[in-house]
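The chain contents come next:
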Amino acid sequence: MPSNIICTNNVSHADITATVTPEIELIQIPNAKTKQDDPFLVAFAEPFDAENPKDWPTGRKWAVTDILSATGFNRIMVSTIMAPALSIIAKEFDMTSAESAMALSIYLLATAFGPLVIGPLSEVYGRKPILHASNIWFLVWNIACGFANSKELFIASRFLAGFGASSIYALASGVLGDVWRPEQRSRSLGVYLLIPLLGAAVGPIIGGFMAGHTTWRWMFWATSIFQAVMVLASFSAFHETYEPCILRSRAERLRQETGNQQYYTEHERLHSNNSPYFALGRALMRPLRLLAFHPIIQIASVISAFYYGILYIVLSTFSDIWIKQYGQSVEISGLHYIACALGEIVGSQIGAKAMDHLYRRHSYRSNAERVPESRIYLLFPGALLGPLGLFLYGWAAQNTLHWGVVDIGIFISMLGMQMTGLPLQAYVMESYPEQTASAGAASQFMRSLTAFIFPLFAPRMYEVLGYGWGNSTIAFIGLVFGLPAPLALIYFGATLRAKPRPSF
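Counting of residues starts from 1 at the beginning of each chain's written sequence and follows it residue by residue. Selection of residues for local features in this predicted model requires a pLDDT of at least 70, selection of side-chain atom pairs for listing and counting requires 80 or more, and totals for whole chains, interfaces and linings are taken over all residues. Each side-chain value is derived from all of the structure's non-hydrogen atoms; neither hydrogens nor water enter the calculation.

Undergrad: Any chance you could explain the overall build of the protein chain here in plain terms?
TA: Numbering of helices and strands runs from the N terminus, with a helix taken as a DSSP run of H or I at least four residues long and a strand as a DSSP run of E at least two residues long. When its secondary structure is counted, the protein chain shows 18 helices and five strands. Whether a residue is buried, partly exposed or exposed follows from its accessible area with a 1.4 Å probe, protein chains only, as a fraction of its type maximum: under 20%, in between, or over 50%, in that order. Across the 504 residues that make up the protein chain, the buried fraction comes to 57%. Per-residue accessibility takes into account occlusion by the displayed protein chains alone, with areas from the Shrake-Rupley method and a 1.4 Å probe. Working note: accessible area of the protein chain is about 21100 Å², and carbon and sulfur atoms make up 66% of it.

Structural data, given as structure tokens:
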């Protein structure tokens, strides 16, 4: 006689119990998420399921977060580590000034296009295989940069390495959204950003000392060694976090163990009438559709892209101030990037705590649902501090005041810009909880484009306007643009989120 099997949907299915019934084989899942309590729907149990990433032990959550954080540190560091040695590399490969600038910034151009592919792929195949593949891809092409024997090969390798490195921008938003609940968002973002933020500023420091004491090729060989360690760490410590993939594996396991092919997940049902190629093509187009048709993504992307472009203007030109304006050596000029790193670290940590406070204060009361727009209020102090720091930094450098004044100005500026980036990232994650990776990829596209374009005109801008008026111009634009734009999200964000989203 057939058996009546009751599955509790725990991690282990060894406790499946069988009883005898003369009628039919019935698989009953108590956590079915339909009104009819569909017994074949595979979903996470409520209120707790050990396989649900949001119910994981805190240690496992921090493990996957730290893996992404350390990986992000290395990949972001590679974007700036060669800045102090750019003239040496240009001389060896007989590059023009435009070609040398391209060698540095093409890495950032790749990070604009990479997430548009990598983010959607992680929503089809899962976060884990995409992270592993991108880790290996980045490692191969970063090694190639160190062994390049022509400018063409060097620039091409930089682009391909940047393409692999860009996965961190899409995966970070996706994974953090997978494992952390909204009330844990600020702290998880603050801790995650702590290490990668060091990468952009530490890169020129390490690069400056390497340029002065060894060959520039060790910049790429050393970061490749670190990347190889991260590949091994990710294979051993990173677990799949994407809910549809975890549930699909559970459904496949149930179908195999019971022999009953009626088990399915909500995600499988939604895509049951689509071919794999259609689903993949639609996923790959999702970031572009979000960017083209969703005002929330458009507004958030433009705001964050502006400040991200300013960040890379600072990172690409900061050493020139100390070498040309203050007559310092390449090695010592790199040490001033510590002020950049400190500003970003302090901004991320203060910003995380302030965002939590503002989130609770501005959320609906009387046990009403908290809304993503509560995150936006932190943008206003950041939008004031960023330009203030730029004014101080620019005019102190213009008049060659004590180097400490310049560093204080850059510290304030970095702190303010970090306080604008943090709430925007949290806002996008919470506005698109099911497409976090694609939404992050759409936002990153604009940021990477400005990081690529802004440094190209920065040297000419400072040559014509000087550091004082050059930074003042950027700061004035930041004030005019950075204060009104968030108001659009605060007042119209809820309405925009409530509209149908056929572009998914």
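Undergrad: Looking at this structure, how should I read the packing of aromatic side chains?
TA: Aromatic contacts are taken between Phe, Tyr and Trp rings whose centres are within 6.5 Å, Trp giving its six-membered ring; a plane angle under 30 degrees counts as stacked, one over 60 as edge-to-face, and the others as tilted. According to the stated counting rule, one finds 22 aromatic pairs in the structure shown. Between Trp 62 and Trp 180, the aromatic rings sit 4.5 Å apart at their centres with planes inclined by 50°, giving tilted as the arrangement. Placement of the pair is Trp 62 in helix H1 (residues 58-80) and Trp 180 in the loop between helix H6 (167-179) and helix H7 (185-213), with a sequence separation of 118 residues. Note on Trp 62: relative accessible area 15%, which makes it buried. Under the relative-accessibility criterion, Trp 180 is labelled buried at 4%. Measuring from ring centre to ring centre gives 5.8 Å for Phe 93 and Trp 216, while their planes differ by 75°; the resulting arrangement is edge-to-face. Of the two residues, Phe 93 is situated in the loop between helix H2 (86-92) and helix H3 (97-125) and Trp 216 in the loop between H7 and helix H8 (217-237); the sequence distance between them amounts to 123 residues. Ring pairing ties together the aromatic residues Phe 318, Trp 322, Tyr 326, Tyr 337 and Tyr 393, which thus form one cluster. Charges are assigned to positions over rings by a cutoff of 6 Å between ring centre and Lys NZ or Arg CZ, combined with an angular limit of 35 degrees from the ring normal. The lysine or arginine in question, Arg 60, covers the ring of Trp 56, its NZ or CZ lying 5.0 Å from the ring centre.

Undergrad: Which parts of the structure should I look at to understand the pattern of salt bridges?
TA: The salt bridge criterion pairs a side-chain nitrogen of Lys or Arg with a carboxyl oxygen of Asp or Glu, the two atoms within 4 Å. Enumeration according to the criterion identifies eleven salt bridges in this entry. Across the salt bridge formed by Arg 269 and Glu 266, the nearest N and O atoms sit 2.6 Å from each other. With Arg 269 and Glu 266 both in helix H10 (residues 266-270) and three residues apart, this pair spans about one turn of that helix. Among the charged side chains, a salt-bridge network with shared partners connects Asp 49, Glu 51, Arg 250 and Arg 253.

Undergrad: What is the right way to look at the environment of Gly 281 in this model?
TA: On the secondary structure map, Gly 281 appears in helix H11 (residues 276-293). We classify Gly 281 as partly exposed; its relative accessible area is 31%. C-alpha separation for the pair Gly 281 and Leu 121, spaced 160 residues apart in sequence, amounts to 9.8 Å.

Undergrad: Looking at this model, I keep getting lost on helix H5 (residues 151-165). Mind explaining?
TA: The periodicity of an α-helix, 3.6 residues per turn, causes residues three or four positions apart to be oriented the same way. In this analysis, the expected span of each helix is defined as 1.5 Å times one less than the number of residues it contains. With 15 residues, H5 extends 21 Å from end C-alpha to end C-alpha; this agrees with the ideal 21 Å at 1.5 Å per step. Among the residues making up H5, those that are buried are Phe 154, Ile 155, Ser 157, Arg 158, Ala 161, Gly 162, Gly 164 and Ala 165. In this structure, the buried side of H5 is in contact with H1, H2, H3, helix H4 (127-147), H6 and H8. Only heavy atoms enter the contact rule, under which two residues are in contact if any of them lie within 4.5 Å.

Undergrad: Hey, could you run me through unusual backbone geometry in this one?
TA: Glycine aside, residues mostly have negative phi, and peptide bonds are mostly found in the trans state. Put simply, Glu 46 and Pro 47 share a cis peptide bond, and its omega is 10°. Note on placement: Pro 47 falls in the loop between strand S4 (41-42) and H1. The phi dihedral of Asp 94 is positive, around 55°, even though this residue is not glycine. In this structure, Asp 94 sits in the loop between H2 and H3. Unlike most non-glycine residues, Thr 400 shows phi in positive territory, near 45°. As for its position among the elements, Thr 400 is in the loop between helix H15 (379-398) and helix H16 (403-431).

Undergrad: Explanation requested: H16 in the structure shown.
TA: Here H16 is 29 residues long and its end C-alpha atoms lie 43 Å apart, about the 42 Å a rise of 1.5 Å per residue gives. Burial within H16 is extensive, with 22 of its 29 residues counted as buried.

Undergrad: Any chance you could explain the nonpolar core here in plain terms?
TA: Generally speaking, a soluble globular protein has its nonpolar side chains buried in company with each other. The term nonpolar core refers to a set of buried residues drawn from Ala, Val, Leu, Ile, Met, Phe, Trp, Tyr and Cys, joined through side-chain atoms within 4.5 Å. In this structure, Met 82, Phe 154, Met 219, Phe 318 and Tyr 393 are the most contacted members of the largest nonpolar core, which totals 115 residues. Looking at which element gives the most residues to this core, the answer is helix H12 (residues 295-325), with 16 residues. Each of domain 1 (45-241) and domain 2 (275-499) accounts for three or more of the residues forming this core. Those residues in contact with Tyr 393 that lie beyond four places of it in its chain are Val 314, Thr 317, Phe 318, Ile 321, Val 406, Gly 409, Ile 410, Tyr 462 and Asn 471. Note: domain ranges come from an automatic or database domain assignment.

Undergrad: Would you mind going over a nonpolar patch on the surface with me for this structure?
TA: Grouping into patches uses exposed residues only, defined as over 30% relative accessible area, and leaves out salt-bridged ones; the cut-off is 9 Å for like charges and 5 Å for nonpolar side chains (Val, Leu, Ile, Met, Phe, Trp, Tyr). There is a patch of nonpolar side chains on the surface, built from Phe 209, Ile 332, Leu 335, Ile 338 and Leu 342 and spanning about 390 Å² of accessible area. Mapped by element, the contributors of at least two residues to the nonpolar patch are helix H13 (330-335) and helix H14 (337-362). With respect to the element layout, Leu 342 can be found in helix H14. Owing to a relative accessible area of 44%, Leu 342 belongs among the partly exposed residues under this scheme.

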